[in-house]
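# Notes for the structure review
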Amino acid sequence: ACDPFAYIGDLRPMFHTVRKSLECRGGTFAFSAEIWKEEDGDAEFVLQSCARFAHKRRYIRSLVEEFGFETLSLSESAILRKHDGKDIVGALTVLSLPPSLRHVIMI
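Residues numbered from 1 in each chain as written. Predicted model: local features only at pLDDT ≥ 70, side-chain atom pairs only at ≥ 80, totals over all residues. Heavy atoms only, no water.

## Quick notes on the packing of aromatic side chains
Evaluated as defined, the whole model comprises 11 aromatic pairs. Between Phe15 and Phe31, the aromatic rings sit 5.8 Å apart at their centres with planes inclined by 70 degrees, giving edge-to-face as the arrangement. Remark: Phe31 occurs in strand β1 (residues 28–36) and Phe15 occurs in helix α1 (residues 12–25); sequence separation between them is 16 residues. The residues Phe15 and Phe31 share a single accessibility class, namely buried. By the ring-pair criterion, three or more aromatic residues cluster together here, those being Phe5, Phe15, Phe29, Phe31, Phe67 and Phe69. It is Lys56 that lies over the ring of Trp36; its NZ or CZ is 5.0 Å from the centre. (Phe/Tyr/Trp six-rings, centres within 6.5 Å; stacked < 30°, edge-to-face > 60°. Helix = DSSP H or I, 4+ residues; strand = E, 2+ residues; numbered from the N terminus. Buried < 20%, exposed > 50% of the residue type's maximum accessible area, 1.4 Å probe, protein only. Lys NZ or Arg CZ within 6 Å of the ring centre and 35° of its normal.)

Below, the structure written as structure tokens:
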């Protein structure tokens, strides 16, 4: 699923879980996220009136850095869905874990 972050506020546990998985298996981490305007308060994310979360760009960037991901692709003007007839714009992000951070498992 590429769009679950609209239903998750704190993304740190998800980033942690994906990091652990990619350490062993490699692969990519792709997701979309509705973006909350940077000037709107100090919180990292907000539950909107439509019952979906929006996240600040800087929050997502900080998680990418904290967990050591590389950005393979980033589009910050993607139309994610329509709500009440209006386009909902957000970010589409594709990340990977650099080979230096992966563990080789011998079987």
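## Side note on the nonpolar core
The biggest cluster of nonpolar side chains holds 18 residues, and the ones touching the most others in it are Leu11, Phe15, Phe29, Phe31, Ile60, Phe69 and Leu95. When contributions to this core are tallied by element, the ones reaching two or more residues are α1, β1, α2 (57–66) and β5 (86–96). Discounting chain neighbours no more than four positions away, the residues touching Leu95 are Phe15, Gly27, Thr28, Phe29, Phe31, Val64, Phe69, Glu70, Thr71 and Leu72. (Core = buried A, V, L, I, M, F, W, Y, C linked by side-chain atoms within 4.5 Å. Contact = heavy atoms within 4.5 Å.)

## Some words on the environment of Ile35
Counting through the fold element by element, Ile35 comes out in strand β1. Taking C-alpha positions, Ile35 is 6.3 Å from Arg57, a pair spaced 22 residues apart along the chain.

## Focus on the pattern of salt bridges
Inspection of every chain in the model, using the stated rule, returns 7 salt bridges. Two residues, Glu34 and Arg52, come together in a salt bridge whose shortest N-O distance is 2.5 Å. Residue Glu34 is located in strand β1, and its partner Arg52 is located in the loop between β2 (45–47) and β3 (53–56); the two are separated by 18 residues in the primary sequence. Neither Glu34 nor Arg52 differs from the other in exposure class; each is buried. Residue Glu34 is joined to Arg81 by a salt bridge in which the shortest nitrogen-to-oxygen separation is 2.5 Å. Remark: Arg81 occurs in strand β4 (residues 70–83) and Glu34 occurs in strand β1; sequence separation between them is 47 residues. Accessibility expressed as a relative area gives 6% for Glu34, which makes it buried. Owing to a relative accessible area of 16%, Arg81 belongs among the buried residues under this scheme. Members of the salt-bridge network, linked through shared partners, are Arg19, Lys20 and Glu23. (Salt bridge = Lys/Arg side-chain N within 4 Å of Asp/Glu carboxyl O.)

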